[in-house]
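# Structural overview
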There are 2 protein chains.
Amino acid sequence: MIRDPAYSVEPWQLRERYLDHRLLARSESIFALANGYMGLRGNLDENDPHALPGTYLNSFFELRPLPYAEGGYGYPESGQTIVNVTDGKVIRLSVDDEPFDVRHGQLRRHERVLDLRAGVVRREVEWVSPSGRAIQVRSTRLVSFAQQSIAAIEYEVTPVDTPVRVVVQSELIANEALPGSLKDPRVSAVLRAPLVAEAASTTSSGAMLTHLTRESGLRLTVAMDHEWAGPPGLRRTSEADADLARTTVTGRLAPGERLRLVKFLAYGWSGRRSATALRDDVAAAIEGARYDGWPGLLSAQRAYLDEFWNSADVELDGDAEVQQAVRFAMFHVLQAAARAQDRPIAAKGLTGPGYDGHVFWDTERFVLPVLTYVRPDAAAGALRWRHATLGLARERAATLGWSGAAFPWRTIRGQECSGYWPAGTAAVHLGADIADAAVRYVNATGDRALDRSVGVDLLIETARLWISYGHHDRHGVFHLNGVTGPDEYTAVADDNVYTNLLARRNLIAAADAAERHRERWGVLAVDDDEIAAWRAAAAAMAVPYDEQLGVHPQVRGFTLLQEWDFDATRADEYPLLLHFPYLNLYRSQVVKQADLVLAMHWCGDEFTAADKARNFRYYEQRTVRDSSLSACTQAVIAAEVGHLDLAHDYIGEAALMDLHDLHRNTRDGLHIASLAGAWLSLVAGLGGLRDHDGTLSFAPRLPSRISRLAFSLLWRGQRLRVTVRPHEATYELCSPGAAELECRHHGERLLVTGAGPVTRPIPALVAPGPAPVQPAGRAPRRRETG
Amino acid sequence: MIRDPAYSVEPWQLRERYLDHRLLARSESIFALANGYMGLRGNLDENDPHALPGTYLNSFFELRPLPYAEGGYGYPESGQTIVNVTDGKVIRLSVDDEPFDVRHGQLRRHERVLDLRAGVVRREVEWVSPSGRAIQVRSTRLVSFAQQSIAAIEYEVTPVDTPVRVVVQSELIANEALPGSLKDPRVSAVLRAPLVAEAASTTSSGAMLTHLTRESGLRLTVAMDHEWAGPPGLRRTSEADADLARTTVTGRLAPGERLRLVKFLAYGWSGRRSATALRDDVAAAIEGARYDGWPGLLSAQRAYLDEFWNSADVELDGDAEVQQAVRFAMFHVLQAAARAQDRPIAAKGLTGPGYDGHVFWDTERFVLPVLTYVRPDAAAGALRWRHATLGLARERAATLGWSGAAFPWRTIRGQECSGYWPAGTAAVHLGADIADAAVRYVNATGDRALDRSVGVDLLIETARLWISYGHHDRHGVFHLNGVTGPDEYTAVADDNVYTNLLARRNLIAAADAAERHRERWGVLAVDDDEIAAWRAAAAAMAVPYDEQLGVHPQVRGFTLLQEWDFDATRADEYPLLLHFPYLNLYRSQVVKQADLVLAMHWCGDEFTAADKARNFRYYEQRTVRDSSLSACTQAVIAAEVGHLDLAHDYIGEAALMDLHDLHRNTRDGLHIASLAGAWLSLVAGLGGLRDHDGTLSFAPRLPSRISRLAFSLLWRGQRLRVTVRPHEATYELCSPGAAELECRHHGERLLVTGAGPVTRPIPALVAPGPAPVQPAGRAPRRRETG
């Protein structure tokens with residue numbers, strides 16, 4: 001699990017220095033290119049060898065039955081699985097009569113670079129065929145941010161020392177064979193041959209294939225087109241059949257002569273548009289790409305990223321590995337979200353089939369708060385997508401006998417696809433996470449239009465759920481019983497502090513929103529009595545507290561549960577859920593992921609500093625981080641309570657989750673929320689960013705090995721840049737014509753204006769006591785680098 | 001759901017006076033004949049029409065995969081389903097060229113009688129064929145108690161007024177087509193064509209078929225043999241093919257002339273014996289039956305039942321319907337258990353495919369305490385079966401990370417087959433139920449041999465589970481968290497009073513048994529420290545109590561949960577589990593079946609009288625009886641707390657569960673535990689039988705409409721007969737040469753000797769206050785009959 005020497009540490013790129021077959025699967029996820037609309041796994045151009053070929057379109061899914069050994073009322077019977085669509089990445093090469101395959105012959109050199117500023121993956125290969133022909137292959141792959149349905153590949157072959165005949169086959173392949181699924185339930189169900197061929201045609205310089213899914217009724221059209229250059233005498237053919245289209249370019253090259261091919265790929269899909277309309281859409285996309293040409297695509301890509309990094313970059317002196325990792329992380333967050341445009345941001349983005357391509361709560365909890373500050377348009381799109389599924393969420397609530405909206409625990413299209421309700425339907429905090437993301441987005445952006453068109457509906461319908469789900473007991477206290485909080489090792493428990501605190505905010509925010517938007521009362525059937533009920537439930541909300549320990553139990557009674565025997569748990573028994581029954585986990589004080597600690601991040605104004613310190617210490621001892629959604633939050637609170645070096649360790653874990661494959665499942669796709677968490681761990685952790693109640697505040701403080709941290713964020717249209725050094729922090733408005741921005745620095749009110757930066761000293765740290773202890777063997781890896 | 005007029009009320013038989021096609025499925029269960037080894041549903045001789053043909057052999061099952069939409073550690077992957085084996089009941093009849101089918105022609109008369117003393121079903125039919133031929137058919141069917149593998153049918157045809165040619169086809173049919181399964185998860189999965197033909201042969205007067213199951217590897221051999229009589233000129237043929245054997249008798253009958261056939265059926269199966277051994281076993285069984293002949297089988301059947309009724313009969317004056325029903329109930333309890341002989345007693349006995357033919361906890365909780373007092377040998381056999389599965393239960397516990405034995409929630413062979421752990425694996429009370437059944441059996445019988453060979457192992461291994469499952473909290477209190485008690489509308493909750501009280505007894509009983517049987521310490525690796533840990537856990541066991549209400553919450557916190565809105569629940573929304581998600585049920589104060597009230601029955605010495613009265617009233621308001629395992633217990637406690645007419649109502653419900661099809665699923669098989677509960681509701685309810693701590697006590701008291709109750713029970717080899725009248729009760733030892741028996745009558749110590757009956761007055765009832773209230777629409781039907 002330590003850094004693999006194949007990957008280099010460089011500030012703005014990730015370089016794979018040689019091809020290690022053990023890393024093949026991980027690299028396919030890490031070198032994936034996507035734009036939120038489409039995603040291509042980092043398969044080799046020639047496709048073989050591969051671990052998992054993958055091409056995905058956001059929301060393009062197939063249905064599959066969800067079976068139950070014993071069914072129950074309200075169990076979803078149909079699931080949704082992302083489809084590996086027609087693969088347009090494939091460019092095969094034959095050298096004389098031998099296929100180019102890195103497993104055969106001699107691989108003199110094989111390097112891949114993910115360039116985080118150019119937004120491309122470059123590959124350079126020098127290969128000697130089994131019969132001794134040496135060639136160089138260079139390719140550059142791009143999924144366009146500027147043109148959402150376009151990907152392109154520049155492919156070049158040059159013989160090194162002897163003339164060769166080369167055959168380059170550029171393909172579209174549908175219904176690729178996929179390796180069998182694993183037993184691990186986290187790994188996606190594999191769908192075999194999900195596409196039914198509808199049309200296939202060739203053009204003068206490419207081909208087009210159209211397919212339909214069997215059950216979900218979606219239509220997909222993929223086109224490829226080509227430019228080529230090389231010595232005279234090249235021969236070119238195109239052919240197209242049901243599941244295969246191929247454009248072949250053949251020629252004879254002298255040493256140093258180059259055959260260059262540019263492949264343009266366009267993807268279009270719809271559940272509604274006709275076959276002919278879709279064909280024309282895709283043809284138009286191809287024409288648009290050819291009009292800009294390869295250089296135009298490259299320059300637009302760089303311009304898009306320059307603007308992104310302007311607000312999204314985080315600079316870090318003192319930990320080069322994390323510096324690289326946080327940029328890698330933000331690049332992939334962008335790739336998951338940029339052109340999602342009113343479609344979901346899935347847990348794995350578009351980098352692999354993990355979790356069936358579903359979106360969960362962590363999009364709203366971890367990803368949207370980051371996008372809100374660096375790409376607010378993408379956050380708005382994701383909120384509009386949730387709003388678009390509100391009708392389905394209302395239906396689901398009605399099925400379950402609840403009021404308001406019950407959003408799905410996991411879904412692609414909006415229908416509940418979870419087959420295990422104790423960790424799905426019962427995790428009602430999802431509604432509060434959505435509401436909270438909307439509130440924070442509106443606060444940070446001042447986007448009144450979204451508040452009106454999306455926010456008020458989401459807030460009111462989620463608030464309604466709490467009223468029907470909870471009740472006032474005979475003492476008047478309002479309880480939310482039988483809920484599963486963020487920690488999936490505790491389920492269907494009572495009064496989860498995280499859920500209750502967020503539900504309280506949700507209720508108050510709904511009441512405020514309803515009062516702001518009386519024009520929606522009629523449509524939503526809101527009245528004064530209902531608003532009063534929301535405020536009453538919020539005021540009476542139970543928040544369990546263990547007076548004896550001075551600790552908040554994450555659910556009622558938690559601190560009296562049996563302790564987990566960590567000393568008797570072997571290293572190979574993690575993750576625990578694969579080695580112990582849920583029943584044992586649920587009955588014990590063992591925490592998969594930050595839960596009460598997560599509450600202390602997002603509802604930090606509800607805890608005293610002393611409670612935070614005690615709580616953090618208590619849960620550190622019991623948190624195993626079997627979820628990738630834990631380290632970033634532990635970093636944030638470790639920093640707040642003064643354990644800065646521990647915070648640094650957790651930052652490393654969050655940022656390196658995928659680069660170091662810490663959960664051994666990066667092969668199935670990247671952990672987008674954990675990658676967003678890398679930003680949170682630095683900006684909310686070391687920077688101390690909080691935005692409770694619409695106030696922007698910072699409490700920056702650096703760990704011993706970091707000498708400088710700089711980041712930017714957007715606040716109501718202005719860009720604020722914060723630079724933290726060991727003893728001072730500087731705040732500067734960077735937007736042209738910026739007026740002023742009010743924020744807090746360690747509690748002190750600051751007014752930052754366009755007149756220039758404001759620098760303040762960082763107060764001395766009050767010693768936080770001895771370092772917290774983690775379960776045996778579960779401490780994060782120490783950051784030792786300089 | 002009221003009594004169907006097709007069924008008559010008579011003291012010793014159940015008569016179906018005419019054929020109502022709507023009752024076909026129910027009657028197939030009600031007229032089922034079984035002996036614990038084999039069971040034949042009450043299908044018509046000619047098999048058509050039928051709802052569900054069924055022939056079952058105890059423990060003859062097929063495996064089937066258990067699928068999960070989302071799997072989890074420790075989920076069983078293979079289930080066991082009882083197989084509808086080769087059907088030997090079928091005797092078809094053709095009259096001239098028309099098949100005898102009650103749906104065609106004219107059915108002048110159709111009567112079936114289940115004779116509870118003779119142990120047979122008699123059928124009498126007068127039918128006119130579509131072309132006007134009138135015939136009488138009489139048949140008598142028997143499943144032998146004396147010869148476990150034998151069933152027999154006497155079949156007679158007589159033309160009424162015109163000569164006819166009759167063809168009688170007596171068959172063995174394997175892999176009968178079954179109707180499709182229903183959506184209700186309680187209904188068994190249907191297995192299609194589970195039997196693979198291995199051999200088929202004919203004999204001079206019958207045939208034999210041998211089959212194998214595909215997955216479970218069990219071999220089944222079925223033979224039929226025949227005697228016949230009639231006018232001269234009868235023609236007889238036999239043939240046998242893979243899935244069909246047929247013996248045909250053809251002849252011409254003048255009016256009044258009779259064709260009589262006696263069919264002998266023998267069933268044998270094994271997972272180990274060879275095909276030839278099994279063939280010989282079955283041939284020997286046929287020879288044994290033919291040796292006794294039809295009259296011999298009839299007389300042995302009656303003798304067996306005479307002895308049974310001697311100890312099992314309950315007499316009741318004042319409610320003829322319940323009088324009949326309790327005899328019907330005890331007859332079917334006997335049919336489920338009599339020759340089970342170290343095999344399980346399934347929830348449906350051998351009367352239908354419901355619950356996949358599985359055995360659950362209710363065998364030990366409801367059936368064995370009855371058998372202990374009326375057929376102790378059958379109780380011992382069922383305990384020996386559990387003991388035989390101890391190795392599997394130890395393996396299951398080890399898989400789950402627990403010590404001792406984790407018996408399966410549902411099984412045929414001993415492996416866990418439950419596909420929903422919150423209502424399966426979490427229902428750990430099962431272990432205590434088994435331990436309790438063993439303790440009560442040994443107490444009542446004085447069977448030291450079973451104590452030594454079975455009891456001590458069961459007690460120790462079940463006690464070990466509590467130690468590993470529970471823990472002492474920081475105050476020293478011992479908790480069993482995350483358990484599901486008897487009430488399946490509350491799951492995975494903490495400190496279920498029923499479970500904790502029984503676990504406490506289990507721990508103490510294990511400690512006592514270990515001290516009684518030091519010879520087992522080596523084998524079981526018991527030592528003094530372990531015994532001390534059992535006693536310490538027992539002494540510190542949590543028993544939650546709501547001081548404010550003076551009520552025991554059935555689980556910790558129950559009395560503060562949300563109330564169910566019964567007024568808003570429609571009658572067609574019961575059973576609730578088919579109309580509401582588990583999540584809503586689990587979070588609410590709604591009770592499927594007696595749970596705390598069940599604890600008050602079996603651990604009644606742990607509650608004060610005042611607590612019992614308050615608890616009963618509290619849970620009455622919240623108990624919907626969606627389980628058949630509730631009314632009998634509510635009867636027992638209603639009687640104890642003085643609500644005698646309510647007790648009478650619940651007795652009626654328990655006793656008439658199947659005769660009146662109160663849960664609308666009698667078609668899938670009878671509710672054996674509820675039928676045993678009918679005995680409990682009368683003997684423990686009105687008779688006040690308790691056997692806490694090995695002491696036999698009674699507190700008889702009759703409701704207003706019952707003028708006399710008499711029952712017997714066996715206590716350490718002696719038969720005690722108790723006769724209760726409104727103002728007095730008489731106790732009499734009826735065994736030849738009985739010495740003396742000590743018991744209590746309303747707390748008073750009585751010594752009953754062979755010298756003669758002892759009569760005591762019944763103390764006046766202290767007024768119990770107003771009648772308890774049930775949820776809207778869920779009150780039991782009032783007993784109005786005289």
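Figured I'd write up the structure that's included with this text. (Residues numbered from 1 in each chain as written. Chains lettered and ligands numbered in written order. Predicted model: local features only at pLDDT ≥ 70, side-chain atom pairs only at ≥ 80, totals over all residues. Heavy atoms only, no water.)

Quick look at the overall build of chain A now. A tally of helices and strands in chain A yields 17 helices and 31 strands. Computed over C-alpha atoms, the radius of gyration of chain A comes to 27 Å, within 12% of the 28 Å expected from 2.2 N^0.38 for 786 residues, which places it in the range of a compact globule. C-alpha atoms of chain A, sized along the principal axes, occupy 90 × 60 × 55 Å. Relative to its full complement of 786 residues, chain A shows a buried share of 66%. Summed over all atoms, the accessible surface of chain A reaches about 25,700 Å², with 50% contributed by carbon and sulfur. Taking the average place of the 86 positive charges on the side chains of chain A and the average place of its 98 negative ones, the gap between the two points comes to 2 Å. (Helix = DSSP H or I, 4+ residues; strand = E, 2+ residues; numbered from the N terminus. Rg over C-alpha atoms; globule rule 2.2 N^0.38 Å. Buried < 20%, exposed > 50% of the residue type's maximum accessible area, 1.4 Å probe, protein only. Areas by Shrake-Rupley, 256 points an atom, 1.4 Å probe, with all protein chains shown as cover. Lys, Arg positive; Asp, Glu negative; His and termini not counted. Charge placed at Lys NZ, Arg CZ, Asp CG, Glu CD.)

So, on to the interface of chain A and chain B. In this complex, chain A contributes 50 residues to the contact, which on the side of chain B involves 50 residues. Between chain A and chain B, the buried area comes to about 4,100 Å², and carbon and sulfur atoms account for 54% of it. If you look at where chain A meets chain B, you find four salt bridges. The partner of A:R410 in a salt bridge is B:E70, with the nearest N and O atoms 3.5 Å apart. Counting the contacts that link chain A with chain B gives 28 residue pairs in polar contact (both at pLDDT 80 or more). Among the elements that make up the side of chain A that touches chain B, the one with the highest residue count is helix α12 (residues 582-586) of chain A (four residues). Taken together, the residues of the side of chain A that touches chain B sort by class into 25 nonpolar, 17 polar and eight charged. (Contact = heavy atoms within 4.5 Å. Buried area = accessible area lost by both parts, 1.4 Å probe. Salt bridge = Lys/Arg side-chain N within 4 Å of Asp/Glu carboxyl O. Polar contact = N/O pair within 3.5 Å; in protein donor to acceptor, adjacent residues only side chain to side chain. Nonpolar A, V, L, I, M, F, W, Y, C, P; charged D, E, K, R; others polar.)

This paragraph deals with the pairing of strand β7 (residues 91-95) of chain A. All names here are of chain A. Across the five residues of β7, four count as buried, placing the element largely inside the fold. Two elements, β7 and strand β13 (residues 164-173), share five bridges in a ladder whose sense is antiparallel. Its bridge partner being in β13, S94 is matched across the sheet by V167. Of the pairings in the sheet, the one linking β7 to strand β8 (residues 98-99) comprises two bridges and is antiparallel in character. (Pairing = 2+ DSSP bridges.)

A word on empty space enclosed by the protein. Over the atoms, a rolling probe the size of a water molecule traces out where space has been left empty. According to the stated counting rule, one finds 16 cavities of 30 Å³ or more in the structure shown. By volume, the second largest cavity amounts to about 290 Å³. A:Y75, A:G419, A:Y420, A:W421 and B:Y420 are the residues nearest the centre of the second largest cavity, which is lined by 27 residues in total. Looking at the lining of the second largest cavity residue by residue, the classes come out as 19 nonpolar, five polar and three charged. (1 Å grid on protein atoms, 1.4 Å probe; cavity = no way out; pocket = protein on both sides within 12 Å on 5 of 7 lines; lining within 4 Å. Points joined across faces, edges and corners; volume = space filled by probe spheres on them.)

On to the side chain of A:S588. Residues and elements named next belong to chain A. Its location among the elements puts S588 in strand β24 (residues 588-589). Of the polar contacts made by the side chain of S588, one reaches the backbone oxygen of N584; its length is 2.8 Å. With residues near it in sequence (within four places) discarded, S588 still touches F558, L561, Q562 and W564.

Moving on, we get to the sheet that holds strand β28 (residues 728-733) of chain B. Each strand in a sheet pairs with another by means of backbone hydrogen bonds, the pair being arranged parallel or else antiparallel. Residues and elements named next belong to chain B. If you walk across this open sheet you meet the five strands as β20-β26-β27-β28-β31, and the pairing is antiparallel. Strands at the two margins of the open sheet, each flanked by one partner only, are β20 (314-317) and β31 (758-761). Here the strands of the sheet are splayed against their neighbours by 15° on average, with no regard to which way each runs. Note that β20 and strand β26 (residues 708-715) share four bridges and pair antiparallel. (Axes fitted to C-alpha atoms, helices over the stretch in contact; angles between N-to-C directions.)

With that settled, consider the packing of helix α3 (residues 320-337) of chain A against helix α16 (residues 644-656) of chain A. Two measures define how a pair of helices packs: the angle their axes make with one another and the distance between the axes. Residue and element names in this part refer to chain A. Running from N to C, α3 and α16 point in directions that differ by 45°, and their axes come no closer than 9 Å. By the angle between their directions, the pair α3 and α16 is classed as oblique. Here α3 runs over α16; the crossing is left-handed. Residues E321, V322 and A325 of α3 form the contact with α16, whose own contacting residues are I651, G652, A655 and L656. Its residues placed into classes, the contact of α3 with α16 shows five nonpolar, one polar and one charged. (Parallel < 35°, antiparallel > 145°, perpendicular 65-115°, else oblique. Left-handed = near helix turned anticlockwise from the far one by under 90°.)

Time to look at the environment of B:L212. Residue and element names in this part refer to chain B. With respect to the helices and strands, the residue L212 is situated in strand β15 (residues 206-213). Along the primary structure L212 and H517 are separated by 305 residues, whereas in three dimensions their C-alpha atoms are 43 Å apart. Each residue touching L212, except ones within four places of it in the same chain, is listed here: P194, L195, V196, E198, L218 and R219.

Once that is clear, we can look at the sheet that holds strand β19 (residues 259-270) of chain B. Residue and element names in this part refer to chain B. Strand order in the open sheet formed by nine strands is β1-β9-β10-β11-β12-β19-β16-β15-β14, with antiparallel pairing between adjacent strands. Looking along the sheet, the strands with just one partner apiece sit at the ends: β1 (13-16) and β14 (195-203). Within the sheet, the average angular offset between the axes of one strand and its neighbour, ignoring direction, is 15°. Sheet topology places strand β16 (residues 219-229) next to β19; 11 bridges connect them, and they run antiparallel. Its bridge partner being in β19, A223 is matched across the sheet by A266.

Attention now moves to the relation of the copies chain A and chain B. The operation linking the two copies of the chain is a rotation about an axis combined with a translation along the axis. After a rotation of 180° and a shift along the axis of 0.0 Å, chain A superposes on chain B with an RMSD of 0.0 Å. Look at the turn and shift together and you get a two-fold axis relating the two. Every residue of chain A has its C-alpha some distance from the rotation axis, and the shortest such distance is that of A:Y68, at 2.5 Å. Of the residues that chain A buries at the interface, 100% are likewise interface residues in chain B, meaning the two copies contact each other through the same surface. (Least-squares fit on C-alpha atoms with pLDDT ≥ 70 in both.)

Another point: unusual backbone geometry. Residue and element names in this part refer to chain A. Cis peptide bonds are those with omega within 30 degrees of zero, and the linkage from Y574 to P575 qualifies with -5°. If you check the backbone angles, N175 has positive phi at about 55° while not being a glycine. The residue N175 is located in the loop between β13 and β14 (195-203) in this model. Here N175 falls in the buried class, since its relative accessible area comes to 17%. With phi around 55°, Y355 is a residue other than glycine that occupies positive phi space.

The next subject is the pattern of salt bridges. All names here are of chain A. Per the stated rule, a full pass over the model turns up 147 salt bridges over all chains. Across the pair R103 and D48 runs a salt bridge whose closest N-O atoms are separated by 3.9 Å. Taken together, the residues span a long stretch of sequence, with R103 in the loop between β8 and β9 (106-115) and D48 in the loop between β3 (38-40) and β4 (55-57) at a distance of 55 residues. Owing to a relative accessible area of 44%, R103 belongs among the partly exposed residues under this scheme.

This part is about the environment of B:L751. All names here are of chain B. Its location among the elements puts L751 in strand β30 (residues 748-753). For the pair formed by L751 and A568, sequence separation is 183 residues and the distance between their alpha carbons is 55 Å. Setting aside residues up to four positions removed in sequence, L751 forms contacts with E740, L741, E742 and V758.

The subject of this paragraph is the environment of A:D473. Looking at the element boundaries, A:D473 is found in the loop between β21 (471-472) and β22 (478-479). Residues A:D473 and A:A540, spaced 67 residues apart in sequence, show a C-alpha to C-alpha distance of 9.9 Å. Among residues more than four places away in sequence, those in contact with A:D473 are A:H479 and B:L560.

This next bit is on helix α3 (residues 320-337) of chain B. Its 18 residues place the ends of α3(B) 26 Å apart at the C-alpha level, agreeing with the 26 Å of an ideal helix rising 1.5 Å per residue. Of all 18 residues in α3(B), 17 are buried; the element is thus mostly enclosed. (Expected span 1.5 Å × (residues − 1).)

A few words now on the packing of aromatic side chains. All told, the structure shown has 48 aromatic pairs over all chains when counted by the stated rule. Measuring from ring centre to ring centre gives 6.2 Å for B:F698 and B:F711, while their planes differ by 40°; the resulting arrangement is tilted. Of the two residues, B:F698 sits in strand β25 (residues 697-698) while B:F711 sits in strand β26, which places them 13 residues apart along the sequence. Here the two residues B:F698 and B:F711 agree in accessibility, since each one is buried. One aromatic cluster is present, formed by A:Y68, A:Y75, A:W421, B:Y420, B:Y582 and B:Y586 through successive ring pairs. Of note, A:R327 hangs over the ring of A:W12, and the distance from its end group to the ring centre comes to 3.8 Å. The cationic tip of B:R365 hangs over the ring face of B:W602; the distance from NZ or CZ to the ring centre is 4.3 Å. (Phe/Tyr/Trp six-rings, centres within 6.5 Å; stacked < 30°, edge-to-face > 60°. Lys NZ or Arg CZ within 6 Å of the ring centre and 35° of its normal.)

Looking now at the state of the cysteines. All names here are of chain B. What the rule picks out here adds up to zero disulfides over all chains. There is no disulfide at C632, and the cysteine sulfur nearest it, in C603, is 15 Å away. For C632, a relative accessible area of 1% translates into the label buried. (Disulfide = S-S within 2.5 Å.)

Residues and elements named next belong to chain A. Taking burial as the measure, the 10 residues of helix α15 (residues 631-640) include nine buried ones, the bulk of the element. Residues A631, C632, T633, Q634, A635, V636, I637, A638 and A639 constitute the buried set of α15. Summarising the contacts, the buried residues of α15 are in contact with α4 (362-374), α13 (596-602), α14 (609-620), α16 and α17 (672-686). With its phi angle positive at about 100°, G642 sits one or two positions after the end of α15.

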